Amino acid sequence: MKKVIDRASSRGYFNHGWLKTHHTFSFANYYNPERIHFGALRVLNDDSVDPSMGFDTHPHKNMEVISIPLKGYLRHGDSVQNTKTITPGDIQVMSTGSGIYHSEYNDSDEEQLEFLQIWVFPRIENTKPEYNNFDIRPLLKPNELSLIISPNGKTPASIKQDAWFSMGDFDTERSIEYCMHQEGNGAYLFVIEGEISVADEHLAKRDGIGIWDTKSFSIRATKGTKLLVMEVPM
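None of the values given here were measured: they were computed from a predicted structure.

> I keep staring at the overall build of the protein and nothing clicks. Help me out?
Helix and strand counts for the protein come out as zero helices and 19 strands. Along the first, second and third principal axes, the C-alpha set of the protein runs to 45 × 40 × 40 Å. Sorting the 234 residues of the protein into buried and exposed places 52% on the buried side. Within the protein, contacts between residues separated by at least 24 positions form 70% of all contacts whose residues are at least 6 apart in sequence. For the protein, the accessible area works out to roughly 10600 Å², and carbon and sulfur atoms hold 46% of it.

Written out as structure tokens, the structure reads:
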């Protein structure tokens, strides 16, 4: 087993006034040659957006973009006439393919918006752009890692990559075994809330760890925990 640890305090941080953002991997003005990506996982941004503020229309191309609200209301608009507001319990999945323009705003004039935006390299480029949003609440089960994104139609949400995303809420001292879905993949764990023990390491809120060269590993919640696991080709 191999592993790499990215502590919350070591992430790139920028305060743009209306936007406070942490970058696990190199992004925009944050560059760390040791943190460019984890396999096909290219971006993991942890954003907090002030009421009624947001990202004006901007382009994306040849990237799978996943947005996961943690608090508040995330409003999406794009150049293929999609518009939607999602909240915690929903996810947004966009295959940008040959190119798409979109915007993202805090749809509340009172409440802060907090969300994760994740980019994954696709297995094939220049496809027709696609946008979808999904209610993942029916998939989530207490004290289990529930599969929310897959490449093979076993979940409502899919991306154009051999990647599997799972989320779970765990009580203190709950343990699970994670098994890789595909040989040669690695898993990146991001602790949204709480604390876990994995691969002989202790991780706290917003810490991340990448694990590869193994078929499985154990995870123990040492405190009530919300966890995101992103399995991607290495």
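> Mind showing me how you'd approach the UniProt feature "binding site: Fe cation" (unreviewed entry) in the protein here?
According to UniProt, the feature "binding site: Fe cation" (unreviewed entry) maps to His58, His60, His102 and Glu104 in the numbering used here. Across 47 residues of sequence, these annotated residues stay compact in space, with a maximum C-alpha separation of 12.7 Å. Of note, His60 is situated in strand E5 (residues 54–60). The buried category is assigned to His60, whose relative accessible area is 8%. Dropping the residues within four chain positions of it, His60 is found in contact with Val65, Met94, Thr96, Gly99, Ile100, His102 and Trp119. Polar side-chain contacts of His60 include one of 3.3 Å to the side chain of His58. Looking at where His102 falls in the secondary structure, it is placed in strand E10 (residues 100–106).

> When you look at the nonpolar core in this model, what are you seeing that I'm missing?
As a rule of thumb, nonpolar side chains are buried together in soluble globular proteins. In terms of nonpolar packing, the biggest core is built from 27 residues, with Leu41, Ile91, Ile118, Ile149, Phe165 and Met230 touching the most fellow members. If you list the elements that add at least two residues to this core, you get strand E4 (41–49), strand E6 (64–71), strand E9 (90–95), strand E11 (113–120), strand E13 (146–149), strand E14 (164–170), strand E16 (185–198) and strand E19 (216–233). Apart from the residues within four sequence positions on either side, Ile118 is in contact with Leu41, Val43, Leu44, Glu64, Val65, Ile66, Ile68, Phe165, Leu228 and Met230. Membership of the second largest hydrophobic core comes to 19 residues, among which are Leu145, Val191, Ile196 and Val229.

> Even after reading the chapter, I still don't get the sheet that holds strand E2 (residues 12–15), so can you show me in this structure?
A sheet is described by the order of its strands in space; here seven strands give the open sequence E2-E3-E4-E11-E6-E9-E12, paired in antiparallel fashion. Where the open sheet ends on each side, the last strands, each with one partner, are E2 and strand E12 (130–135). Across this sheet, the average inter-strand angle for adjacent strands is 15°, counted without regard to direction. As defined by bridge partners, E2 adjoins strand E3 (residues 19–23) across four bridges and the pair is classed as antiparallel. Bridge pairing in E3 links Tyr13 to His22.

> Would you take a moment to explain the pattern of salt bridges for this structure?
It is possible for side chains bearing opposite charge to pair when their charged atoms get close. Per the stated rule, a full pass over the model turns up 16 salt bridges. A salt bridge links Arg206 to Asp46; the nearest nitrogen and oxygen atoms lie 2.7 Å apart. Here Arg206, found in the loop between strand E17 (201–203) and strand E18 (208–212), pairs with Asp46, found in strand E4; they are 160 residues apart in sequence, far enough to count as distant. Put simply, Lys205 and Glu193 hold a salt bridge, and the shortest N to O gap is 3.6 Å. Of the two residues, Lys205 sits in the loop between E17 and E18 while Glu193 sits in strand E16, which places them twelve residues apart along the sequence. Accessibility expressed as a relative area gives 45% for Lys205, which makes it partly exposed. Each of the salt bridges in this network shares a partner with another, and the network as a whole consists of Arg11, Asp46, Glu193, Lys205 and Arg206.

Each value, and the rule that gives it
- Residues numbered from 1 in each chain as written.
- Predicted model: local features only at pLDDT ≥ 70, side-chain atom pairs only at ≥ 80, totals over all residues.
- Heavy atoms only, no water.
- Helix = DSSP H or I, 4+ residues; strand = E, 2+ residues; numbered from the N terminus.
- Buried < 20%, exposed > 50% of the residue type's maximum accessible area, 1.4 Å probe, protein only.
- Contact = heavy atoms within 4.5 Å.
- Areas by Shrake-Rupley, 256 points an atom, 1.4 Å probe, with all protein chains shown as cover.
- UniProt positions renumbered as here; feature names shortened; annotations may be inferred.
- Polar contact = N/O pair within 3.5 Å; in protein donor to acceptor, adjacent residues only side chain to side chain.
- Core = buried A, V, L, I, M, F, W, Y, C linked by side-chain atoms within 4.5 Å.
- Pairing = 2+ DSSP bridges.
- Axes fitted to C-alpha atoms, helices over the stretch in contact; angles between N-to-C directions.
- Salt bridge = Lys/Arg side-chain N within 4 Å of Asp/Glu carboxyl O.

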